[in-house]
Amino acid sequence: MQANKTSRIQEILLSKDKDISLFIKREDELHPIISGNKYRKLKYNLIEAKNQEKNTILSFGGAFSNHIAAIAYASEINGFNSVGVIRGEELVDKIESNPTLNFAKSCGMKFFFVSRETYRNKNHQSFTKELQNRFGDFYLVPEGGTNELAVKGCEEILKQDDRNFNFICTSVGTGGTISGLVNASDANQKILGFPALKVDFLKEDIRKFANQKNWELITDYHFGGYGKIKPELITFINSFKDKFGIPLDPIYTGKMMYGIFDLMSKDYFPKNSKVLVIHTGGLQGIKGMNLRLKQKNLPLIKV
């Protein structure tokens, strides 16, 4: 994986009446498969796995996890075996019909399907020991990929020229990306995180890694929680794609961008603000979401 890779910045809106400039950093274009923050999070973890002479990468995720897809592909092209501990025993017979799991399988990933109750114990030492007994020695990457090495990779998202922005916005899952952005930012910049799920522990997790206090979580745009979606969000994502030519995923970036536009309409950003939005990728999840939307006879997300 290429060191210090830079993504382009695209202007998507200039609000002349409020003098607000909005730009998006296209991290989704870093790699066709390992896109966005997954590229950043895995970079140094893969290096460490090689340094430790590990042969297998093991991690955790759900049915349509961007992280699982990225782990599977990155492991294959870097010469590792991969194991995915997947939440939901009912998925064991649905691999072929699940776009994410089917792709991960094609990359050689082995699966271990567990109940949701068991999955909640994924960080317990006893469960790790069970996994070692089952799969042998492995390099463990946490769910969502967030650890110190992932934060180090995410610190490379911001470049010197990005110091001209007053606000930097990112979607938030496990807190690694926003922590890296905080660490790489100037103290006078404000980092805004838009969580994709309803959780109380995120702030504590971010404080473990972030070395500044210039950040805030905007918690009003999770649309009911992780993996939840509403028709107005689908409409927004599709109209955004039509207007700007930029795809958004329904779990992370779609919710974040919806929130940013809503905040702009409510005059959240001061006059003359320059806002930089980080596109963290995650577009592979659209296929899975569209399967669910089709079952509910709802409009599909444009890709």
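Provided above is the structure to which this section pertains.
Residues numbered from 1 in each chain as written. Predicted model: local features only at pLDDT ≥ 70, side-chain atom pairs only at ≥ 80, totals over all residues. Heavy atoms only, no water.

A.B. asks: What is the right way to look at a positive patch on the surface in this model?
C.D. replies: Taken together, Lys198, Lys228, Lys230 and Lys296 make up a surface patch of like positive charges. Take Lys296: it is sitting in the segment after helix H11 (285-295). (Patch = residues over 30% accessible without salt bridge, like charges linked within 9 Å, V, L, I, M, F, W, Y side chains within 5 Å. Areas by Shrake-Rupley, 256 points an atom, 1.4 Å probe, with all protein chains shown as cover. Salt bridge = Lys/Arg side-chain N within 4 Å of Asp/Glu carboxyl O. Lys, Arg positive; Asp, Glu negative; His and termini not counted. Charge placed at Lys NZ, Arg CZ, Asp CG, Glu CD. Helix = DSSP H or I, 4+ residues; strand = E, 2+ residues; numbered from the N terminus.)

A.B. asks: How should I be thinking about the pattern of salt bridges in this particular structure?
C.D. replies: Opposite charge on two side chains permits pairing when their charged atoms draw close. Counting across every chain of the model gives 18 salt bridges. Residue Lys25 pairs with Asp162 through a salt bridge whose shortest N-O separation is 2.9 Å. Taken as a pair, Lys25 in strand E2 (residues 20-25) and Asp162 in the loop between helix H6 (148-154) and strand E7 (167-172) lie far apart in primary sequence, 137 residues in all. For the pair shown, Lys25 and Asp162 are each scored as buried. (Buried < 20%, exposed > 50% of the residue type's maximum accessible area, 1.4 Å probe, protein only.)

A.B. asks: What exactly am I supposed to notice about the sheet that holds E7 here?
C.D. replies: Backbone hydrogen bonds are what pair the strands of a sheet, in a parallel or an antiparallel way. Pairing is mixed across the open sheet formed by six strands, whose spatial order is E1-E2-E10-E7-E8-E9. With one partner strand each, in any of the chains shown, strand E1 (9-15) and strand E9 (215-217) form the two edges of the open sheet. If you compare each strand with its neighbour and ignore which way they point, the axes differ by 25° on average. The pairing of strand E8 (residues 190-195) with E9 spans three bridges and is classified as parallel. The residue bridging Ile191 from the neighbouring strand is Trp215, located in E9. (Pairing = 2+ DSSP bridges. Axes fitted to C-alpha atoms, helices over the stretch in contact; angles between N-to-C directions.)

A.B. asks: When you look at helix H9 (residues 231-244) in this model, what are you seeing that I'm missing?
C.D. replies: Structurally, the α-helix is built with 3.6 residues per turn, so residues lying three or four positions apart point the same way. With 14 residues, H9 extends 20 Å from end C-alpha to end C-alpha; this agrees with the ideal 20 Å at 1.5 Å per step. Taken together, the buried positions of H9 are Leu233, Ile234, Phe236, Ile237, Asn238, Phe240 and Phe244. Those residues of H9 that are buried lie in contact with E1, helix H10 (253-265) and H11. Following H9 by one or two positions, Gly245 has its phi on the positive side, about 75°. (Expected span 1.5 Å × (residues − 1). Contact = heavy atoms within 4.5 Å.)

A.B. asks: Would you mind showing me how to read the packing of aromatic side chains here?
C.D. replies: By convention here, two paired aromatic rings are described through the distance between centres and the angle between planes. All chains considered together, the criterion is met by 16 aromatic pairs. With a centroid separation of 6.0 Å and 35° between ring planes, the pair formed by Phe236 and Phe240 is classed as tilted. Taken as a pair, Phe236 and Phe240 lie in helix H9 at a separation of four residues, close to a single helical turn. As far as burial versus exposure is concerned, Phe236 and Phe240 are alike and both buried. The structure contains a cluster of three or more aromatic residues connected by ring pairs, namely Phe194, Tyr221, Phe223, Phe236, Phe240, Phe244, Tyr258 and Phe261. A cation over an aromatic ring shows up here: Arg87 above the ring of Tyr119, its NZ or CZ 5.1 Å from the ring centre. The ring centre of Tyr44 lies 4.3 Å from the NZ or CZ of Lys152, which sits over that ring. (Phe/Tyr/Trp six-rings, centres within 6.5 Å; stacked < 30°, edge-to-face > 60°. Lys NZ or Arg CZ within 6 Å of the ring centre and 35° of its normal.)

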